[in-house]
Structure formats: structure tokens, C-alpha cells
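Residue-level structural notes
Chain by chain, the residues run as shown.
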Amino acid sequence: MSESAGRHEARQRVIDALCAPELAPIVDLVVWADEDGEPYAANHLGSVRFRYQGGAEVLSGTNPLGSEDPMAFLPYQQELANPSPRVSTENAYPLAWQRLRSFFADPERSPDLAIVHTPRHFFPDEGGHVGEHGSLDAIQSRAPLIMSGAGVKKMGYVDAFARLVDVGPTLAFLAGVPAMDLVDANGQGLDGRVLRDHLEPGGGQRRHVIGMLWDGAHCGDLLHLAETGELPGVARLIANGLALRGGAVAEFPSITLTNHTSILTGTGPGRHGVMGNVYFDRATGERVVPNDQSTWHLSADWLRPSARTIFEMVAKHAPGGDGTVRTASVDEAIDRGADYATMALIRESGESGADALDDALPDPTTSPYLRDAAYLEDSYFRWGVRVDDFGITQMSALFSNPGSAPLLTWWASVVTDCGHHGGGPRSDMARDALRQSDARLVTFLDHLDSIGLSDQVTILLTADHGFEGSDPEVIGSWKAALDATGIPYRDEGPGLVYLL
């Protein structure tokens, strides 16, 4: 038997083991790609091959997919009626072909197969939380997308969707990068596109552009709270621009570092090389963990050589070289090419990891944005408040006067991820995080007003993924099933399975 045939047989044995009916409560889908890169999915119901134009060809059993509609579970009341669907046939998996084809395109870092957790799977012993993301499904993959200000059409709420890989090209274009130069280091076009339908004519004219990421901000609840008056800053952005009801579809997996990188390079993981918050590199034999306090400041080191960040794209077309801050990256790991970068402060300190910033982070108990001090008992939430308060301080300094304001700024906030992990979507903790992030936004918008810069700024607000709530009764692991195959493997994440 050839090596290829042996590997195929081993993969199929693992897939069959994972699709056992007894694992159905925790295994939503198993996904993989063939030698030509065509993606497949299976579970206990049957197996399918995804098609480029949408739709899935049933290969065995019955179709395990409910839908591939990016606008599934809209209006928001439909999501509320069926939160965290119990079975895959009630769920939706938007743009599956495009996302999986990219995910399995890296010969050294892509796994042999990936296990998609069910929305309700609760696995705290392996890093799981009350609120979860990472899935191929619509709600965990739906990030908000709001555009506002100079060059943006005033359209209000729009029944449409985009992709997170569209965010970077759109920001770079708004900052003055010609469309023909929205390419990677090899001159190949990006996976994302400029969202021209939502821009005024002449949208590529240079202006101050600010991309804001509220990590893990739940799209449906964020828009709902904005409409009901509980997020006045977000509502102010939408009144001066638009919000897509369908948000922006994340790359798979709907994980932090994969999608921060996809946003800021305009490419999927198969091209930029960051397959998840943890993955395995066959070429080096190393386990890569970019999403950790000890490694965040080094995350850009794992980018493939062909990847270009939007900071690098803008720098090529913006005057500089005299100490001018053309581009700024605030509290963002993927910062390569930025003139100002928070992570550079860590790298320059000579200390290991984010602890180098500890003295600079404010006391969370005195935060003017904190609403409920009880949440500070959660160490992740406490850290998020500190980081985000430091973020607004950096933003105020960068925009201290119009003459020195950066051309392109990326501002990442984390407390929204903390609140959604800790309490799950729509929880008091998650909404507290959204409200305090909104309060920081209001402070910044008022600051722009005070320096007379508001009408010269374009703002795009998004996230890196969505969230669903797990069920404490839906527990378990697929480790025993993998072990029983007798096939050597690595399971990173967990969920990314590399056959050895």
C-alpha cells in the first residue's frame, strides 16, 4: 500500500470512529479535504462534499447539514428561539467550501481532519468555557460589521453580510492603498475584497481610518442592544453609517488568532499560516501556541512569508520615514509593519510575555468604565478591564491632535471576549462587557469631536468570531474513540487532529 493510500485509510478509520452515534452530543461534524483540496464533512447521519457555489453533495446516509445560509437565524428573534442548536440539521454552516478549502491548504500546518464541537459541548477540562466559539456554524462564525464616517454610505441597518477577510482590504483601501496594490508579498490577489457597495464614490481617497475589534462581541446581541438604546456609542456609529445584519463571516476555525490574522492580512489561514490558537507544524515538529500571554508579542513571527499586513500595505503608499506615526496597532498581536505597536513595547522590554506591561496596566478597581465590580473576581475579566483601559489611554495619546493622528489605526479590545466566555452570550456578564466597551467608544468619539477630527475619520467596528452558550450537562471527550483506533495522532485545541 502506498503512503498516500495508507494515510487515506487511517484518516477514514478515525472519521468513522468520531462519527459513532454515541459521540453525537459532542461531535457536530468532522471535516477534512481530499488531495485536491476539496472539503468534506460527516457525522453520525451521513457525509457530504461541499461545492464552490454552495450546496453539498450527499455521499452517504443523509445530509447532516441544515443550511449553508450566511443569513441564517435572522432576524435576531430566530436565534433566540433556537440558541445553540442541538443537532446539525437545525444549524447553518455559511461559506463552508471557501473556508474549509483555505483551512486545509497548508501542507505543513493544516491538520488531517478537524472536529467541530457541537454548540452545547462543555469541556472545561480541556480549555472550554460557558461561552464557546471555534465552530464552522453561523452564530459562532458571525462577527459584527459596522462602518461609519467619512466615505461610508449612510444606510442604517442593512440585510447583508460580508467576510472578515474583507475587513483588511477595505481599511487599506480607505487609507489610500490603490486596489491594484491589495496583494500579498508574491503579488497574488487577496482572499478578501473591498466592500465598495457600502462606500461613497471616491472611497479610496486618503483619510484617517480606524479599525476597531471587540474580541468575541456577539453580533446579534450587540445590534439588539444598540437598537434598544443600551449601546449609545455603537448606535452613534450606525447613525453615521451602517451595520450589516448578517455581520462578517469568520474564517474556520472561528478562533481568535486565526481571525485576527485573516482580518489584518485579507487572507485565510491556508495562506497566512495561523491555523488556530494552537496547532502543530510538521516541518519543525513543534507545537505552536500563538494565543498566550507569553507569546502574543511574537505572533507575527508565525506568518507565512507571502503574507502582508495592512500596516505594510499602507506604509508603502504613505509618506513617512521621519518618525511620523503613519500606522498604529493598539493591543493587537498581529502588528508587523506598524509604526506604533503595543506589542513592540513588550519586545523592546527584553522581558518575557505580557507581564512586561503589568506596571503600565491600570488598576481595574478604579476603572471609570467598570459597571459591576463583582466580575473582577474572574481573573480573565479583570485582566481585560486593565488592557482595555490601557487601550483607550493609548488611543487618546495617538489622537492628541489632528496633525499627528495616524493614517491607519487598529484598536483591539478584549473584555468582550472575557465577558462572553465567562457568562455566555446574552448573560449579564457579557452585556456588562459590551456596555463598558461602548462607554470607552463614547469617550473616544467625544475626544474626536473635541479636536475637530470627527468628520475626517472612518471607523469600522468588528470582532473575530461570535459566541454560543454551552450546556453543563453536555460533557465528554472523543479521546477514547481516537485512542481505540490505534493510530498515532496529535489532537490540538482540542479539535485539530494530526495523524502521525
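Up top you'll find the structure we're talking about.
Keep in mind that this is a model prediction, so the values were computed, not measured.

1. Description of the overall build of the protein
The secondary structure content of the protein amounts to 15 helices and 22 strands. Here the C-alpha radius of gyration of the protein, 22 Å, is about what a compact globule of 500 residues would show, namely 23 Å. In terms of principal-axis extent, the alpha carbons of the protein reach across some 70 × 45 × 45 Å. Going through the 500 residues of the protein one by one, you find that 62% of them count as buried. For the protein, contacts bridging at least 24 residues in sequence account for 72% of all contacts bridging at least 6. Roughly 18,300 Å² of accessible area belongs to the protein as shown, and the carbon and sulfur atoms make up 50% of that amount. Of note, the protein has its 38 positive side-chain charges centred 5 Å away from the centre of its 68 negative side-chain charges.

2. Points about the side chain of Asp432
Along the polypeptide, Asp432 turns up in helix α14 (residues 428-450). Of the side chains bearing the opposite charge, Arg371 lies closest to the buried Asp432, which forms no salt bridge; the N-O distance is 4.4 Å. Ignoring sequence-local partners within four residues, the contact set of Asp432 consists of Arg371, Asp372, Tyr375 and Phe381.

3. Thoughts on the packing of aromatic side chains
This structure, assessed with the given rule, holds ten aromatic pairs. Taken together, a centroid distance of 5.0 Å and an interplanar angle of 80 degrees make the contact between Phe103 and Phe252 edge-to-face. One end of the pair, Phe103, is in helix α3 (residues 96-103); the other, Phe252, is in the loop between β13 (248-249) and α8 (256-265), with 149 residues separating them in the sequence. Take Phe103 and Phe252: they sit in the same class, and that class is buried. Pairing Tyr380 with Trp383 gives two aromatic rings, centres 6.2 Å apart and planes at 20 degrees, and the pair type is stacked. Taken together, the positions of Tyr380 and Trp383, both in helix α12 (residues 379-398) and three residues apart, correspond to about one turn of that helix. Residue Tyr380 is classed as partly exposed on the basis of its relative accessible area of 27%.

Cut-offs used in this document
- Sequence order as written defines residue numbering, which begins from 1 separately in each chain.
- The model is predicted, so local features are restricted to residues of pLDDT at least 70 and side-chain atom pairs to those at 80 or more, both for listing and for counting; the totals for chains, interfaces and linings are taken over all residues.
- Where side-chain values are given, they derive from all heavy atoms of the structure, hydrogens and water being excluded.
- Every helix listed is a DSSP run of H or I at least four residues long, and every strand listed is a run of E at least two residues long, numbered separately from the N terminus.
- With the radius of gyration taken over C-alpha atoms, the globule rule is written as 2.2 Å times the number of residues to the power 0.38.
- Type-normalised accessible area, obtained with a 1.4 Å probe on protein chains alone, sets the label of each residue: buried when under 20%, exposed when over 50%, and partly exposed for intermediate values.
- Throughout, a residue-residue contact means that at least one pair of heavy atoms, one from each residue, lies within 4.5 Å.
- Using a 1.4 Å probe, the Shrake-Rupley method yields the accessible areas, and only the shown protein chains count as cover for residues.
- Charge assignment in this entry is limited to Lys and Arg as positive and Asp and Glu as negative, and neither His nor the chain termini are counted.
- Charge placement uses NZ in Lys and CZ in Arg. For Asp and Glu, CG and CD serve respectively.
- Whenever Lys or Arg places a side-chain nitrogen within 4 Å of a carboxyl oxygen from Asp or Glu, that contact is recorded as a salt bridge.
- Pairing of aromatic side chains requires ring centres within 6.5 Å, counting the rings of Phe and Tyr and the six-membered ring of Trp. Pairs whose planes differ by under 30 degrees are stacked, by over 60 edge-to-face, and all others tilted.

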